[in-house]
Structures are given as structure tokens and as C-alpha cells.
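A closer look at the structure
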Amino acid sequence: MIVFLLPSSGYDPTEAAVPWAALRDAGYDVRFATPDGRVAPADRRLTDTGFSWLSPWLMTRRAELAAYRRLTDDAWFRAPLSYAEVDPACLTGLFVPGGHARGMRTLLEDATAQRLFARVFLVGLPVGAVCHGVLLAARAKDPATGRSVLYGRRTTALTSLLELTAWNLTRLWLGRYYRTYPATVQAEVTAALADPGHFLAGPPLPVRDTATRPGRGFTVRDGNYVSARWPGDCHRLAADYLELVRSHRRTPAPSTPESGN
């Protein structure tokens, strides 16, 4: 099974739903894990509340929101594991979406999630991460070296340009909503790498991809790991991660959890 690691709340719905839908539609067994095994909602500002006049640019797009609504109806989404219950020996892959809301910290700062990510990454299973989700990879340590598992790898993540632009547009009324941590995601991830040049920011003026035009997105693949920057890369990320999973090995068709689980 492929497990999506979610925080207690506050993740980006596009970054979870678009890759999930690609895997699910391809017949893969996709499940979810949260800190305590409770159902985790996405960031409500991205699904319902909005951003006033900036909503057309910052809110989740209609098609991606429909994918998220479909995800929330999935039986495995409604019966998540806790991080501690995930058995790495049963996994065929791991995926980590991102998000800006403070609830993301329940994933990114969780030692169990960090150890799980490191173990899956180091044994060579297909791993994907996007936006703030790459922080979990940066913080996951190789027990043999004490360094991040990303040391010696190439990656992307939410760029400082994207993060600071969104923050400057919204900080007068949203405060630090777009600044989950004092350091930008790009700064922390780059600090974990063997060479600053291993962080690839992609085109300076990103354009959102779509289901019919995934080539607009930007991803970085390095071995068993693929990463992306923001929701606008997620259709390409979904295709690239699906290809990574397929190239590793086939997995069984999804089953359905028993009622009451």
C-alpha cells in the first residue's frame, strides 16, 4: 500500500487530492495516516473561507476541489492509521503533501513521521513530497550519518519567491499565515543539502498546470524521490509519482476497510 502522511489539519487540498486521484484511478491501494489516527481536514481557507479579492488566484481551483471532495468520501480517508501504526514493511510508497496553515506542524515536527519517512526513503521505495511536505524530508535523518536523507540528493520545494510573494500579498490581514516558520521552506531545505546547487527552483514565473496540460508544472526526480514546489505543479507531480511507482513494482488492487474500522 501507498500511504499519504497528513497532519491533523491544514494541508493543501490540491497537493493531496490530485496525486491521490491519479494513484487511485490507476488501481493502487492508497491509505492515509495522521498523528493520532483521526480524520484530517484540509485547510478550510483553501476550500471554503477564501482570500477576499485574492481568491481567484489563491484558492483551490474548481476541478482540484472536486478531487478533494472525492478524496474525503474515500473509505480509507475516513479510517486513517496513526503514524505509529504504519508498518514500513507493508508499504510500497509514501507521499507527503504540504500546506501553509499551522496545523501542518503536527506532521512536520513529528518524530515518528520523520523516522518513518527516513526508513521508507532509505530502502528505496517510491517517495513523493511537495511544498512544505519537503520539510519532512529535510528533517528526516539517516541514522548512519545523522544527516538529512536529502543530503546528496536534488530536490525542489516551495520557493522563497512563491512563499514571500503570497505572504506580502496577505500579511496585512492574515499575519503569518503564509510563513509557517521564520525561515522560508527553501532556506531550510537548502541548508540540509550537500550543495546549495542541489535545490532547483524551476522557472521564476511559475504557471499552474492542469490535468490536460501537466507539462506546465515543474518537478525534480532523483532516484526513488520526486518533489514539486506548489499546487500548480501537482498534475505533473501526480504523473511523475505514478510513473515512479509503476517502475518500482506493481501493487495489489485497493480493498475496502471493514465497516466500523
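Relevant structure appears above.
This section reports on the structure supplied with the text. From a predicted model like this one, the values you see are computed outputs, not experimental measurements.

1. A word on the nonpolar core
Side chains that are nonpolar tend, in soluble globular proteins, to be buried together. Formed by 73 residues in total, the largest nonpolar core has its most connected members in Leu5 and Phe117. Broken down by element, this core gets its largest block of residues, seven residues, from helix α10 (residues 234–248). Residues within four places of Leu5 in sequence aside, it is in contact with Ala33, Tyr83, Leu94, Phe95, Val96, Pro97, Leu107, Ala113, Leu116 and Leu136. Counting residues in each nonpolar core, the second largest holds eleven residues, with Leu54, Met59, Ala101 and Tyr177 among its members.

2. Details of the side chain of Thr34
Within the secondary structure layout, Thr34 lies in strand β2 (residues 30–34). A polar contact is formed between the side chain of Thr34 and the backbone oxygen of Arg38, at a distance of 2.9 Å. Excluding residues that lie within four positions of it along the chain, Thr34 makes contacts with Leu6, Pro7, Ala40, Pro80, Leu81, Ser82 and Tyr83.

3. Section: the sheet that holds strand β7 (residues 225–228)
Spatially, β3-β2-β1-β4-β5-β7-β6 is the arrangement adopted by the seven strands of the open sheet, whose pairing is mixed. A strand with exactly one partner marks an edge of an open sheet, and here the two such strands are β3 (81–82) and β6 (219–222). Inspection of the sheet shows β2 paired to β3 by two bridges, in the parallel sense. The residue of β3 that forms the bridge with Ala33 is Leu81. Lying over the sheet, helix α6 (residues 111–122) contacts β1 (2–5), β4 (93–96), β5 (127–130) and β7, oriented at roughly 135 degrees with respect to β4.

Calculation rules
Residues numbered from 1 in each chain as written. Predicted model: local features only at pLDDT ≥ 70, side-chain atom pairs only at ≥ 80, totals over all residues. Heavy atoms only, no water. Core = buried A, V, L, I, M, F, W, Y, C linked by side-chain atoms within 4.5 Å. Buried < 20%, exposed > 50% of the residue type's maximum accessible area, 1.4 Å probe, protein only. Helix = DSSP H or I, 4+ residues; strand = E, 2+ residues; numbered from the N terminus. Contact = heavy atoms within 4.5 Å. Polar contact = N/O pair within 3.5 Å; in protein donor to acceptor, adjacent residues only side chain to side chain. Pairing = 2+ DSSP bridges. Axes fitted to C-alpha atoms, helices over the stretch in contact; angles between N-to-C directions.

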